[in-house]
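# Residue-level structural notes
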Amino acid sequence: MDEQALLGLNPNADSDFRQRALAYFEQLKISPDAWQACAEALAQRTYSDDHIKFFCFQVLEHQVKYKYSELTTIQQQLIRETLISWLQAQMLNPQPEKTFIRNKAAQVFALLFVTEYLTKWPKFFFDILSVVGLNSRGVDLYLRILMAIDSELVDRDVVHTSEEARRNTLIKDTMREQCIPNLVESWYQILQNYQYTNSEVTCQCLEVVGAYVSWIDLSLIANDRFINMLLGHMSIEVLREEACDCLFEIVNKGMDPVDKMKLVESLCQVLQSAGFFSIDQEEDVDFLARFSKLVNGMGQSLIVSWTKLIKNGDIKNAQEALQAIETKVALMLQLLIHEDDDISSNIIGFCYDYLHILKQLTVLSDQQKANVEAIMLAVMKKLTYDEEYNFENEGEDEAMFVEYRKQLKLLLDRLAQVSPELLLASVRRVFSSTLQNWQTTRFMEVEVAIRLLYMLAEALPVSHGAHFSGDVSKASALQDMMRTLVTSGVSSYQHTSVTLEFFETVVRYEKFFTVEPQHIPCVLMAFLDHRGLRHASAKVRSRTAYLFSRFVKSLNKQMNPFIEDILNRIQDLLELSPPENGYQSLLSSDDQLFIYETAGVLIVNSEYPAERKQALMRNLLTPLMEKFKILLEKLMLAQDEERQASLADCLNHAVGFASRTSKAFSNKQTVKQCGCSEVYLDCLQTFLPALSCPLQKDVLRSGVRTFLHRMIICLEEEVLPFIPSASEHMLKDCEAKDLQELIPLINQITAKFKVQVSPFLQQMFMPLLRAIFEVLLRPAEDNDQSAALEKQMLRRSYFAFLQTVTGSGMSEVVANQGAENVERVLVTVIQGAVEYPDPIAQKTCFIILSKLVELWGGEDGPVGFADFVYKHIVPACFLAPLKQTFDLADAQTVLALSECAVTLKTIHLKRGPECVQYLQQEYLPSLQVAPEIIQEFCQALQQPDAKVFKNYLKVFFQRAKP
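Residues numbered from 1 in each chain as written. Predicted model: local features only at pLDDT ≥ 70, side-chain atom pairs only at ≥ 80, totals over all residues. Heavy atoms only, no water.

As a reminder, the rule being used: UniProt positions are given in the numbering used here, feature names are shortened, and annotations may be inferred rather than shown by experiment.
Under an unreviewed UniProt entry, the name given to the protein is Exportin-T, and the organism recorded is Equus caballus. Under the Sequence similarities (unreviewed entry) heading, UniProt states for the protein: "Belongs to the exportin family." In its Subunit (unreviewed entry) section, the UniProt record describing the protein reads: "Found in a complex with XPOT, Ran and tRNA. Probably found in a complex with nucleoporins. Interacts with Ran and tRNA in a GTP-dependent manner."

Written as structure tokens, this is what we have:
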């Protein structure tokens, strides 16, 4: 072996050595016999360096996984012998191998096992057991091999081919027949031998039992000798977590409902009499988390039994199962309320399913009602933040608590289904008592009280947020709580979590303010002052900006009296903060978008006459236009690239803010009706010069393009005079991405204005195509995937453009480009349909072809088009689907084939018998299609029902492909 290359395996080696080692590994993988050197090095223990041993196993692994069938019987025998002799050597080694080497060795054993067990090595386990006996190092490797085999056969995360899945099923069936009882016996011996002397091996063995129990005969494990031993392990500190997990796997195994109930009950009795149900005596939270998972498994198993028994009509046993479930509820509640969230989280599944049972019962007993109330109180308590929660810098612990809260929310929703009245009454009680004394109550209790009110909105669902009509007692309870929330002054509480919860709840129950509009002014003030948009915390300001825009939108009818006041108060928040003044604005530009949208909504939806709306909109947008002009001048003069970038960002924000105000217009309130066209046309004239700025092109063009998209919708044809020069500027020194983003704009104009923009399109058509072709023909590196993807996306955009033009009744735009150009365009469409393996583009190309055939394919079509149909379009309909890359199992490809069928049908429609004759006598015979198939094809094509032909075409090509 190349000793120099092996030096690079050391993690501390320099990069040249490491590169050499990687290259050497690739070389050995390809070499037909290099694995033998590695096998020899392992069997003879040539190397003491761990990384080299690992490397040798990696080479063997590659050989067994990918090239095993190429080996001779003798070579395969050599690999088996190498592994066994390596295993024998492990018994004698003074020191065990490092864990990572043992795991890799186990993987190689497992790969060899799945390859050979059914054919060459049926005695695999006996051979290994005869080598390892009860030697602790040997047992360790045996158990690792078993875990590696389990993950090869059963691991749900590994994607197997159907062939591998069949093989794995066969291996498991054969193992059950031939060796599982012996394996189980070996586990029992290992556990018995090592339970008091070697906790590591014992835990490994318990893990193996837990893994295999899911697919072997349960009676081999769920019997007195095994269960008693496992229960014994529950009392040994170093074993009990693993024993817990093993019992969980046993309980989780699918089985007959009555047998399962007996198994769980007998386990519970033993655990209870051994004192495991006394949760408060146990201090080890890691063990309790596992125990909670076990109790959860037992509870859910009993519930599955109950459900099956009810379904089978076995009422007597179902009653017993329900009784068994009820006796676990007290334990479940202790675990649910535990201060450690992991312990609590692990029992939520049982709790949720228990509530689901109660929901199905017609009458609840007093005990069951008490259980519901206890779960409710537990959920309310557990929803509370703890002192350690870091609101300013949320890390992993905080993220876990947020996830845990989501689980509790599901419980709360389920509680609402079981007993909505009880939930409402409990929340009301907690809410009222907390808000009475909020000034002297800790933040987490105030937050959870408001949070519960917020959660009721989803727990007690109504349509369209109509919480304050319908059921009188519910509506009045919610109304009382909302009134308390907005009048109690709790919005001034000095903690961000309470402030945010206040605003979230106010917006969630916005319908309250249509019932009691007198509270709107005080809530608006909270939004606008130091409690909301001017809060000390950026996080609160940011969220409030979004919530404020939702609040104003949902209550726009009630906003009229406050419009001017709000617009005055938010004036300073609308400031475009230019980069150089160092002034730190209160809101980020993303937050400001919401404030601009809110201002737009207030103006557009007001009851003011059109001229007042126009004046207010002008006040809102003029500062942006003035700043824009100044900043654009500064950008033209800026030398420093960083400064150029920050000025361009600022210009882009100005355009974005103006764009966002236009979201307020609707079909009922158009720009024209509000008298605002002139203001937006002024904006257009202000922003368009940015397109000719040579600096920071990407940023500026993308902002102005977005604004144009909005204006095409808002200003209708008034925008048309600006389009030609804007397009011309955007076509200058274009990259693929620029073109990709420009084409949708032209498509939007074409589809919306159709004939109105015909002259513009005529003039624009070839310059746009030349720009596209120029980018597509640029050479790129073979392995430059991002360039290839960019070209693919641009090609799609180009075909989408042609589809829009031909589909909008504007084929004359193409026809008027001169014969040479027309032919060039048609050839690109044929190439798109046939040559590029991109079904999305191919589908578009066939749509374009069928449209052109429909328009030009008749007797009165352009000169030479009929020839083009027979020379190019008909062959494309066959050559594309016959390509190897045209995958008929792929959904997108099937859609492309469907459009191909439409193209052929359209040709037949336009050319009639002549088309059938051409296919019968010339084209299909040239493809060596059998005469009877040609006959069949032409009959299918002439069927009046297009669907029949589409289905036939798929079968035709499936048969034609090898």
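## Section: unusual backbone geometry
So the rule is basically this: In this description a helix means any DSSP run of H or I spanning at least four residues, a strand means any run of E spanning at least two, and both kinds are numbered starting from the N terminus. Burial classes: relative accessible area under 20% of the type maximum marks a residue as buried, over 50% as exposed, and values in between as partly exposed (1.4 Å probe, protein chains only).
With a phi close to 50 degrees, Arg45 is a non-glycine residue in the positive phi region. The phi torsion at Gln928 lies on the positive side, around 60 degrees, for a residue other than glycine. As for its position among the elements, Gln928 is in the loop between α44 (913-926) and α45 (931-941). Exposure remark for Gln928: the relative accessible area of 71% places this residue in the exposed category.

## With respect to the pattern of salt bridges
Applied cut-off: We count a salt bridge whenever a side-chain nitrogen from Lys or Arg sits within 4 Å of a carboxyl oxygen from Asp or Glu.
In this structure the tally under the stated criterion is 52 salt bridges. The partner of Glu265 in a salt bridge is Lys328, with the nearest N and O atoms 2.7 Å apart. Placement of the pair is Glu265 in helix α14 (residues 257-273) and Lys328 in the loop between α16 (315-326) and α17 (329-336), with a sequence separation of 63 residues. In this structure, the salt-bridge partner of Asp341 is Lys382, at a minimum N-O distance of 2.8 Å. A residue pair is termed long-range when its members are at least 10 positions apart, and Asp341 in helix α18 (residues 341-345) and Lys382 in helix α20 (residues 366-382) qualify at 41 residues.

## Digging into the side chain of Ser606
Filter applied, for reference: Definition of a polar contact: a pair of N or O atoms within 3.5 Å, with one able to donate and the other able to accept a hydrogen when the atoms are protein atoms, and with sequence-neighbouring residues admitted only if both atoms are side-chain atoms. Contacts: residue pairs with any heavy atoms within 4.5 Å of one another.
Note that Ser606 resides in the loop between α30 (589-604) and α31 (610-637). Note on Ser606: relative accessible area 5%, which makes it buried. Of note is the side chain of Ser606, whose polar atom sits 3.5 Å from the backbone nitrogen of Tyr608. With residues near it in sequence (within four places) discarded, Ser606 still touches Asn560, Ile563 and Lys613.

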